[in-house]
Every structure is written in C-alpha cells, then in structure tokens.
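Residue-level structure breakdown
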Amino acid sequence: MKLLSLHIENFGRLSDFDYRFSSGLNEIRAENGYGKTTLSAFIKAMFYGLPDNRKRDLFENERSRYLPWQGGVCGGSLTFEAGGKRYRVERTFGQKVAGDTFTLYDLDLGRPSDDYTENLGRELFGIDADGYERTVFLSERNLSGKNENQTVAEKLSDLVGSTGDIGAYDEAVKRIEEKRRALQKKGGAGEIADDQKRSGQIDVTLGELKALEGVIADDKNVMKSLQSEADALERERAELEKKRQAVLREEQKNAIRRQLDTMMENRNREFARAAELSRFFASGEPEEEELSAITAKESERQRLTNRANAPPKSRGEYDVFRDLSEETIARMRSVASEIRKADARVADLKEKSAPKPPKAGAALLAFGILLILLGAVLGALLHPACFALILPGLILLLLLPIRGGRYQKAKGEWESAIREAERVRQEKADVFAALTRPYPHPACDDPCDEVNAIERRYDLARMMGEDARSENEEQLRAEAARLTEEIERFYRRFPLNPGGDRMAQIRRAKSEYDLCRRTIDRMQGDIDRFAAENGVSLKDKTAPAPSGGEDLAEKLRENQTARLALERRRAEIAAKIRSEEERMEERDALIAEKAALDESVAGKKRELNILQKTKYWLERAKESLTSKYLDGTKKAFLGYLAAISDESADFEMDTSFTVAKTDRGATRPVEGYSLGTRDLYALAARLALVDSLYREESPVILLDDPFAHFDDEKLARAIRLLQDLAKSRQIIYLTCSSARSAK
Amino acid sequence: MKLIHTSDLHIGSPMTARLPREKIAERRRELIESFRRVVEAGRAFGALGVIIAGDLFDSEVVTRRSAEAVASVIAEAPEMKFFYLPGNHEKRAFLDCGVKIPENLVFFDTGWTYFDFDGVRIAGRSETAEGMFSSLELSATGRNIVVLHGELRDRSAPGGVIGEREVPEEVDLLCLGHYHSYSEKKLSRRTTAVYCGTPEGRGFDETGEKGFALLDLSEGGVSVRFVPAAKRRLHIVSADLTGAKTAYDVFRAAEDAVREIPAKDLVRVLLTGGRSPDLRYGTEEIADRLAERFYCFEIKDESRLALNAEDYRYDKSLKGELIRLVSADESLSPDEKDAIIECGILALAGEV
C-alpha cells in the first residue's frame, strides 16, 4: 500500500495544504509548529476518522485539537494505492462523529467506490487505530509506549494461525471470570456459598429433627407412664365402684325392706280396721239380699203407712193415669220429637234460606240511563256512530227486570216452603194435643218436657193406684207394724248410731268391710309379689344403713377428676407427638434437598476449579501462541538494534513486545535506561513488530521525528537504517531539525 | 399351605430419589400401600400367613400414622396370621409405639420363638448370635421354616450374621430379610435360603423387579417363587452419545433409551460414550422434555470428551494450542483435561 498525495482543507493549523508523496523515503523537514504532527494526525484521520469528542484533555481529544483554528470545513482528502488500485478518500469532520462525512473514489474508474467503508484503516491494515498508532506510526511521544493491543495480538495470531480465536481470548477470559465470580465472590458470597449456607441451614434443621426424635421418644415414654397411671386409676375406680355398688346394693336392699315394712304396716292397719268392722258385724254380716229385703220392707211399710194415711182424693187424682200405657207415652214422645224437628225446620227456613235481593240494581239502572243519554247526545252532536252507545244502555235496562223477576220467584218459593213447614208443625201439634189432653199435666214450652211430666204422674199413679182401692186402713197399719218389727229386729243386730239412716250405716259399714277385705287381699298380694320380685323374705329385717357411702362417692369424684386431668394430659402429649411427627415428615424433603445441594456444591466447586484451571491454561496457550511469533519479532528486533547500535547484551521480549535487557546477570526493563536508549530499543522493537505484522504488504511507516533523543552515532545509524528501509517501503519521515535529515 | 414372605419395606425411610415435595409424601404413602398390596396379593393366592422378615420400618422412630396404617392392614386381614420379626433398624419400635397391636400379629423375640401353624413350625429370632442354631428346636416330622434378618456368612455372629453352614438340615426354608433384591440359595438338599427383597424400591440403588416370595408347602414338597408386586420400578439406563452431532441427536439417544419404560416408573438416564468437542447440548433441556413422561426423571452426564490431541497437532489456533498444552500435562487427570478443554472451547466460542 502506498500514499500518493494529500490535500488538507482545514485540519488543525494546516489549511489548504497539499503534498505529493513519492515511493521510498519522503522527508518533510519544517520548523516547530509547522504542523508535522498535525500532518501525521491527518493521515491517520483519513484512514480511521477522528474519535468521538469525549476526552477532556485537549492533548488527548484529537477532535477538539484538530478542528481548524481558523474555522471552515475541517477535513481533506488522501489519495493512495492499495491492491493495485488507486483511491481517493475524502473526509470532513464536525463537532461530533455524527457530523463527519466519508467518500471513497476509485480513481481508475473515476467514480465512487465501495471497496472499503469508512473503517478504511481497519480494512486496509487489518488493525484498529490504536494498533496503527502502536505500530506503523512512530513518534517521539508514542515510541516508548506499550506495543501490544487487542488488534495487534489478533493480527499476529492471524499471521501465525488460520483462525482468529486469539481475538476471542479476552472475551473468553472475561466470561470465565464472570462465571467464576458468580460461583465464588469475595467476602464469602456466590452460588457455592449460597448453596453451602442453605445446606448448613438444612443441617441445622435436620439436627433439630434428630433432636426431635429424642423428644418424641421422651414424649412416648411419658405417654407410657401416663398410660400406667391411667391403668392404675382405672383399677382404683373399678375397686371403688365395686365397693360403691355393694353399698348401693345394701342400701337398695334396705330400701326394699323399708318399703316392704311400709306395705306390711299399711296392710296391718287394714287388718285392724277389718277387725273393727268385723266387730260391727259380730252377729253376722248381712248379705245384699237381706239388706234389699229390709229396704223393700221399709218401702212397703212406708207405702202402707202412706196409704193408710193418705186422703182419698189424692188417690183418685191419679186414677186417670191408670188408663195410660207405656205405648201411649212412647207415641207422645215421638210426636213431641217431630214437633221439635218441625220447629227447627221452620226456624232454619226463616233464617238461612231467605233469597238475597239482586245487588247493584240502582247502579245498573243509572249506568244504563247514562249510556243511553250519552249515546244520544254524542250521536247528535259528534258522530252518528256514537248512537251505538244507546244499545248497551238498553241492554242494561233490560237486565234489571230480568234479575228482579228471578228474585221474586225465589222469594215466593221460599215463603211457600215456610208455610208448608208451619202447616206440618201445626198438624203435629194437633196430634200431640189430642194425645196429652186427657192427662193433666203442667204446661211446658217443650212438648218433650210435657211428656216427661205425664210419665212421672203415670209412675206415681202406678205406685199408688192398685192397692189403694181394695185395702182398709187397719189392715194397712197392722201390716206396717209387722214389717216394722222385722225391720227393728234386723237393725238391733248392729251397733248403729241413733238418729241416722240405719240402712245407710249398715251399707256403709258393709261396703267398708268389703273394701277393707279386698284391700287386705290386694296388699297381701302386693307384698308377696314385691317380696318375690326383690328376693326378700317377709321375715327379713331392715339392716342398719351401710356406712362409707359418702366417702366412696368422694373418692370416686376425686378419681374421676384425676382421670380427666390425666386424659387431658395424655391428649396434650398425643397432640404434641402428632405435631412433632408431622414435622418429622419434612425430613425426607430436606434430606433430598440437602443431597441435591451438596451435589450442586460439589459440582460447582469442580466447575470453579475447572474455570480457574481453564483460565490458567488459556493464558498459557495464548502466551505459547504469541511466543511462536515472538521469536521472529525478537530476532528482527535484535537485527534492527544491531543496525542502530553496537549493543551486544541479551534482550528479552514479552508477549506485549516489551523489551527487557539482561545486564550483568540481571534482567531489567528498559524503563530504567535513558530516554535515548529507550527510544533506540523502542524503535528497533517497533520496526521488528511491523515486520512481523505486515509480512506480505508493507504499509507506510510514518515517523514523526523519532530520533530526537539519539546521540550522533545512533542518529547516523538510524538514518542509514531509514534509508535502507526506504528501498523497500514507503516512509514518511517528519523532522524539525536538519541535523536529523535523512537526505 | 401357602405363605407370603416379605421384608425390608423400610416404612418411614427418606426417599433417595430426587422428587418434589408432594411426590415425596405420595411415595411415602405408596410404601405403606405396598404392604397392603402384598397382603392383598397373598389373600388372592390363598395364603394363610405373612412372614415379615425384618425392617418393616426404617428406624426406631415410628410415627403413629405409619404404625396405625400398618396395624390396620393387618387387622383388616383377620383370616391371615402375621409373623413379624423386628429388624435391626426398627427393633421394637412398632410394638412399643402405643398403637393397638392386632390380634392376628405375633412376633419373634430376641431368642428363638416358635409358632406351630397348620402343621408347619415357624421359628425365628430378632437377634443373631454365635452358635444360635445349636439351640434351635425343630419339628422332626413336619415342615420347618426359620425366619432371620441379616447376611449369610460361614458362621453366625451377633449383629445380623447368619452362618449358612450351621443351618440344620431339617429346615425347609430359611426366610431372610436384609437384602433388597430377591435371591435364592440352596444350602442343602432340603434347605433353601430366600431373600425376598423389598416390595417397593425407594431409590436408584434399588432398580429391577421388586416384590415378595410366595412359599408353597405341601406334603409333596416345598416351592418358592418370586412375585413382582412393586407399584413403580426404578430404572437406570444409558444413552451413548458417541457419534452424536447435534443436541437433537443427544435427545434422541436419551429418548430411545427410555422408550420402553412405563410412565409410572422412576427413570435415571446416564449419558455415556465419547462426545465431540463441538457438540452442544443441555441436560436440563433433555430433562424438561422427558420428565413429564415419567413419575420421576433424572439425567446425569457421564460422557467423556472424545478428543485426540494428535488431531490438533497442526491446529494453529488458540483452541488447538490449548488442547495440545492441556493434553500434554501430566499433572491433570483425564477428567480434568476433558473438562478444561471443553470449558476453554466453550469460552472461546462465547458459550460459557
């Protein structure tokens, strides 16, 4: 690749500046402040553009530094030859990258070219701007800087190998480092620590669960001893209960005996009463027949006496009833019943069956008339169709008589029914009157009452009537006296209270005596049954009340309280054990989790170890790789050094192409030497590096007064070297001193 | 007469398979249900009794819930007799946990305990001891079954050691517990030792068929056969990655390996073989796709990087340099070399 010419429109202090380059050595000698450094910066800017305006330091901030002092468009053009073709690149620069322009022309074809993009320098040299500065651009300022950068290394590895993965090295190491840090951070953080921490927590929990096993075992032992206590309490309860039952049985027995005693006492009372009553009937208890006979005799005696004492007319009064018969009385009763029914029918007809008069008759009448009038008026005034209203009015009016007719008919029928019922009733009444008229009786509202009165008189008449006609008074009294004698004889048998109803006394006593006997029988039966059912002998006596019942009850209560308390305690412990066992169930999941975590930790530690080792081995691989071209570079360096100086010491070059000198057995970095010596070594290293980097095409080497610190001898040698180099490559040499001229 | 021989249910043990929390609880319930399944199968076979040769429970800590569940299974089969030998794990935990012991459950004590059951003498002891068989009293005319828990060795000793050479000839069946897989061993012309195994596997160290032993004792002879009874089986299968070029190839290899396995089972896939350094795949992606097909699914990558350092002799890239240097280093183990190289390649490819 070769520069042909340039035109600077405005760039730093340079404005409207043109230069034509030749092959080989191009020396530009100008005073300080001319713009030599600006010129070299322009060339670099044409290939790489200007970086973004970020750095504050003017020296570092190229964009700010090179924007034209005099104003105007900043930029220009550069023509160059590459790959056998001639191009012109034109760039302008704004305040920011966004304001920059780039155009590439194919000079051979005379039109814009897209053979290269605005990344012209990288595409052309295979190196970035920084790499360019570190290699083909040698200035006094950057000579001693570090030579290695990413793209330098890439380019070198590309020269050595066929793949560009050395460029991926930094990224690979970065990723490894990130991954490693994720696994293990400083201060004990990271995935491994997290897993270990969680595993530790699980260990603690498992330890707690293990301890819990002991607690559960203890609780189960407590349950066992509580069970033993419960068993003992149960035995005690059973014993107490047995005793209590014995006491209860005894008490029950006594209660039975007491009850039996009571029953026997009651029976004995009845015995006493029966004995008393038997004394009443000491002369013999009369049978019912005898008593009835005496009663009949008394009635007969009374009848006889009444007959003997009764006036004749009172007897005759009832003579008319002698003709009355039971059948006649029955007939009377039947008719009386029919009269009652007829009365009820009439009353019912009168009260409930009355027809109701039709309702709303007046309203219908009024509404009908209204419709007729309305129809007539509206039909006459509004529309003939309104006459139609007259028709419903007429219909309503016609309905009225129809409804009234129905009512009248119903009412007539009802009245007729009433009359008929009354007629029937009167018929019955006439028959009844005919039946009862011959028999004097008090008047009653109810014919049935009349029949009752008649019947009573009939009975009386029967009692009085038959014997009264044929007996005389003395006979009656004699008979009555005889009966009295018999009756008195009977009554003298018993110790009766004078003045009361003697038969009633006897009957009462007899009844009482009967009752007493029956009661005694019943009581005896009850006593025998009760004794049999309860297994008690009538001879048994009531034992003294058993003692200790209260004590036993108290002890049983205490026992129950103790058992309840124990049961509660057992329930508490059982619930505790259940809860503890439920907690134990999480053990499986924790063990599984811990196993997984431990495995994860082991895996991650292995991974960490591998990452660390991988990083180490990648570094070694990279160094090994770079050292392959390091030898060549070192050789070239020594060659260039020999051309410039007589140095014969041993030198070392590391993979960043930093040189160290072995001097008197010690290897020292060159920073310890004088500026001139350092520049000398750096120049040789740079040139060697350029040789290594660009084996196939020789880029332009831009030298911006790099020999400023050389002594005369070295300067001369350097100039000679420059001249030699110019035979095979284009060199642009900028200097401000004629002493350092290469011409 | 038929009897069921089971053991080593380890009810209450932690699940070693990686299961989510709710499945752990479910699996624990299934362990208890495995006991019920064995008893119901025994009933279906017409067995009159069930011999439990130890480790019914996993430890001396027996939860009330587990104990009650086991007791209810036993109580619900009153027509069967349960002969229970407490094992080295559980000792007397079940008997002493406070749950009502069903009437149809009898147990073997620390010394020889005998039960004459339908013409068969069933003897057992929960603790082994040196010379223990010398005091064993067997039926001279009928069948004899001895129940023990431990491992067979030459001579008996405490701690679950059973001297197989000391077993009397009159023993027809030596019903053993301790090992979790079924096996039979003829000790003499008449005596057969049987490990019935566990009826339900708990972790991936218990793969294969699990079930119980059905013992058939008749005048004609004694026979034993294994009856599979597990609700779920555990499978460990390998998927060879050799030759796989893409992640899909890896997935297909894993999928083919598990194709015949029923959905209700637990599966662990081991990726084996040599994988290419350029092969990219994720075990988590494979797990995500296959996990839903099974009750439990795990995948472990045991494949090796298929790399020959010689192939990279002329590779001038950083990758090639890395491979050469690492392969040549003798301080690294082969696994470390594989891991470093793979990590380095992934890092350079931006895939770490």
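1. Things to note about the overall build of chain A
Within chain A one finds 19 helices and 13 strands. Among the 743 residues that make up chain A, the fraction classed as buried is 39%. For chain A, the share of sequence-separated contacts (at least 6 apart) that also reach a separation of at least 24 residues comes to 72%. Here chain A displays about 40,900 Å² of accessible surface, and carbon together with sulfur accounts for 51% of that area.

2. A short note on the packing of helix α8 (residues 288-309) of chain A against helix α14 (residues 473-491) of chain A
Helix-helix packing: each pair is described by the crossing angle between the helix axes and the interaxial distance. All names here are of chain A. At a minimum axis distance of 8 Å, the contact between α8 and α14 shows a crossing angle of 150°. With respect to α14, the axis of α8 lies roughly antiparallel. The two elements α8 and α14 cross, and the hand of that crossing is left-handed. Residues E290, L291, I294, K297, E298, E300, R301, L304, T305, R307, A308 and N309 of α8 form the contact with α14, whose own contacting residues are E473, L476, R477, E479, A480, L483, T484, E486, I487, F490 and Y491. Each residue belonging to the contact of α8 with α14 can be placed in one class, and the counts come to ten nonpolar, three polar and ten charged.

3. A word on the environment of Q245 of chain A
All names here are of chain A. When you line up the elements, Q245 lands in helix α7 (residues 191-280). Here Q245 falls in the partly exposed class, since its relative accessible area comes to 29%. Distance in space between the C-alpha atoms of Q245 and E287 is 55 Å, their sequence separation being 42 residues.

4. Re the packing of aromatic side chains
Overall, the coordinates contain 28 aromatic pairs over all chains when judged by the stated rule. Between F80 of chain A and Y87 of chain A, the ring centres sit 5.5 Å apart and the planes meet at 25°, which makes this aromatic pair stacked. Comparing F80 of chain A with Y87 of chain A shows no difference in burial state: the two are buried. With a centroid separation of 5.9 Å and an interplanar angle of 15°, the aromatic rings of F280 of chain A and F494 of chain A are classed as stacked. Remark: F494 of chain A occurs in the loop between α14 and α15 (502-533) and F280 of chain A occurs in helix α7; sequence separation between them is 214 residues. As far as the burial class goes, F280 of chain A and F494 of chain A line up, both buried. Following the ring pairs from residue to residue traces out a cluster consisting of F280, F281, F490, Y491, F494 and Y513 of chain A. Above the face of the Y295 of chain B ring, K23 of chain B is positioned so that its terminal group lies 4.5 Å from the ring centre. The ring of F251 of chain B carries R289 of chain B above its face, with NZ or CZ at 3.8 Å from the centroid.

5. Focus on the nonpolar core
Residues L3, F11, I43, F47, F80 and F637 of chain A are the most contacted members of the largest nonpolar core, which totals 76 residues. Broken down by element, this core gets its largest block of residues, ten residues, from helix α18 (residues 675-693) of chain A. Not counting residues up to four positions away in its chain, the partners in contact with F80 of chain A are M1, K2, L3, L4, F47, K85, R86, Y87, V89, L104, L120 and L124 of chain A. One finds V38, A41, V70 and L95 of chain B within the second-largest nonpolar core, a separate group that totals 33 residues.

6. So, the domain arrangement of chain B
Quoted interface sizes are often the accessible area lost when the parts come together. Residue and element names in this part refer to chain B. Segmentation of chain B into domains returns domain 1 (2-228) and domain 2 (234-348). Centre-to-centre separation of domain 1 and domain 2, based on C-alpha positions: 43 Å. Taken together, the contacts link 14 residues of domain 1 with ten residues of domain 2. When domain 1 packs against domain 2, close to 980 Å² is buried across both sides, 64% of that on carbon and sulfur atoms. The interface formed by domain 1 and domain 2 includes zero salt bridges. Linking domain 1 with domain 2 are three residue pairs in polar contact (both at pLDDT 80 or more). Residues belonging to the side of domain 1 that touches domain 2 are distributed by class as follows: three nonpolar, four polar and seven charged.

7. Re the pattern of salt bridges
Across all of its chains, the model carries 85 salt bridges over all chains by this definition. Salt-bridge contacts for E486 of chain A lead to K297 of chain A; the nearest nitrogen and oxygen are separated by 2.5 Å. Pair noted here: E486 of chain A is in helix α14 and K297 of chain A is in helix α8, with a separation of 189 residues, a long-range link. For E76 of chain B, the salt bridge identified is with R36 of chain B, shortest N-O distance 2.8 Å. Of this pair, E76 of chain B sits in the loop between α2 (64-75) and β3 (81-84) while R36 of chain B sits in helix α1 (residues 21-45), and the two are 40 residues apart along the sequence. On the accessibility criterion, E76 of chain B (46% relative accessible area) is partly exposed.

8. Section: the sheet that holds strand β10 (residues 659-663) of chain A
Residues and elements named next belong to chain A. One open sheet accounts for three strands, arranged β9-β10-β11; its pairing is antiparallel. Among the strands making up the open sheet, the edge pair consists of β9 (650-653) and β11 (666-669). On average, each strand axis in the sheet is inclined to that of its neighbour by 30°, with strand direction left out of account.

9. Digging into the interface of chain B and chain A
If you look at the interface, chain B gives 35 residues, while chain A gives 39 residues. Of the roughly 3,300 Å² buried where chain B meets chain A, counting both sides, 62% is carbon and sulfur surface. Joining chain B to chain A, the criterion identifies one salt bridge. The partner of E336 of chain B in a salt bridge is K613 of chain A, and the shortest N-O contact between them spans 2.4 Å.

10. Details of the sheet that holds strand β18 (residues 296-301) of chain B
Residue and element names in this part refer to chain B. The strand order across the open sheet formed by three strands is β15-β16-β18, and the pairing between neighbours is parallel. The two strands at the open ends of the sheet, each matched to only one other strand, are β15 (234-240) and β18. Across the sheet, the mean angle separating the axes of adjacent strands is 20° when strand polarity is ignored. Looking at chain direction, strand β16 (residues 266-272) and β18 are connected through six bridges and run parallel. The residue of β18 that forms the bridge with V269 is I299. Sitting on the sheet, helix α3 (residues 247-258) is in contact with β15, β16 and β18, with an inclination near 145° to β15.

11. Some remarks on unusual backbone geometry
Residues and elements named next belong to chain A. The residue D16 is not glycine, and still its phi comes out positive at about 50°. Relative to the assigned elements, D16 resides in strand β2 (residues 14-20). Of note, D705 is a non-glycine position whose phi angle comes to about 45°, a positive value. As for its position among the elements, D705 is in the loop between β12 (701-704) and α19 (712-726).

12. A closer look at the pairing of strand β6 (residues 101-106) of chain A
All names here are of chain A. Bridging between strand β5 (residues 85-93) and β6 involves six bridges; their strand directions are antiparallel. Of the residues in β6, the one forming a bridge with V89 is L104. Direction of pairing for β6 relative to strand β7 (residues 111-112): antiparallel, over a ladder of two bridges. By the bridge assignment for β7, D106 is matched with R111.

13. Quick look at the side chain of T191 of chain B
Residues and elements named next belong to chain B. Among the structural elements, T191 can be located in the loop between β11 (183-186) and β12 (192-195). Here the side chain of T191 touches V171 through a polar contact of 2.6 Å, landing on its backbone oxygen. Here the side chain of T191 touches S188 through a polar contact of 3.0 Å, side chain to side chain. Setting aside chain neighbours within four positions, we find T191 in contact with V167, P168, E169, V171, D172, K185 and K186.

Cut-offs used in this document
- Residues numbered from 1 in each chain as written.
- Chains lettered and ligands numbered in written order.
- Predicted model: local features only at pLDDT ≥ 70, side-chain atom pairs only at ≥ 80, totals over all residues.
- Heavy atoms only, no water.
- Helix = DSSP H or I, 4+ residues; strand = E, 2+ residues; numbered from the N terminus.
- Buried < 20%, exposed > 50% of the residue type's maximum accessible area, 1.4 Å probe, protein only.
- Contact = heavy atoms within 4.5 Å.
- Areas by Shrake-Rupley, 256 points an atom, 1.4 Å probe, with all protein chains shown as cover.
- Axes fitted to C-alpha atoms, helices over the stretch in contact; angles between N-to-C directions.
- Parallel < 35°, antiparallel > 145°, perpendicular 65-115°, else oblique.
- Left-handed = near helix turned anticlockwise from the far one by under 90°.
- Nonpolar A, V, L, I, M, F, W, Y, C, P; charged D, E, K, R; others polar.
- Phe/Tyr/Trp six-rings, centres within 6.5 Å; stacked < 30°, edge-to-face > 60°.
- Lys NZ or Arg CZ within 6 Å of the ring centre and 35° of its normal.
- Core = buried A, V, L, I, M, F, W, Y, C linked by side-chain atoms within 4.5 Å.
- Domains from an automatic or database assignment.
- Buried area = accessible area lost by both parts, 1.4 Å probe.
- Salt bridge = Lys/Arg side-chain N within 4 Å of Asp/Glu carboxyl O.
- Polar contact = N/O pair within 3.5 Å; in protein donor to acceptor, adjacent residues only side chain to side chain.
- Pairing = 2+ DSSP bridges.

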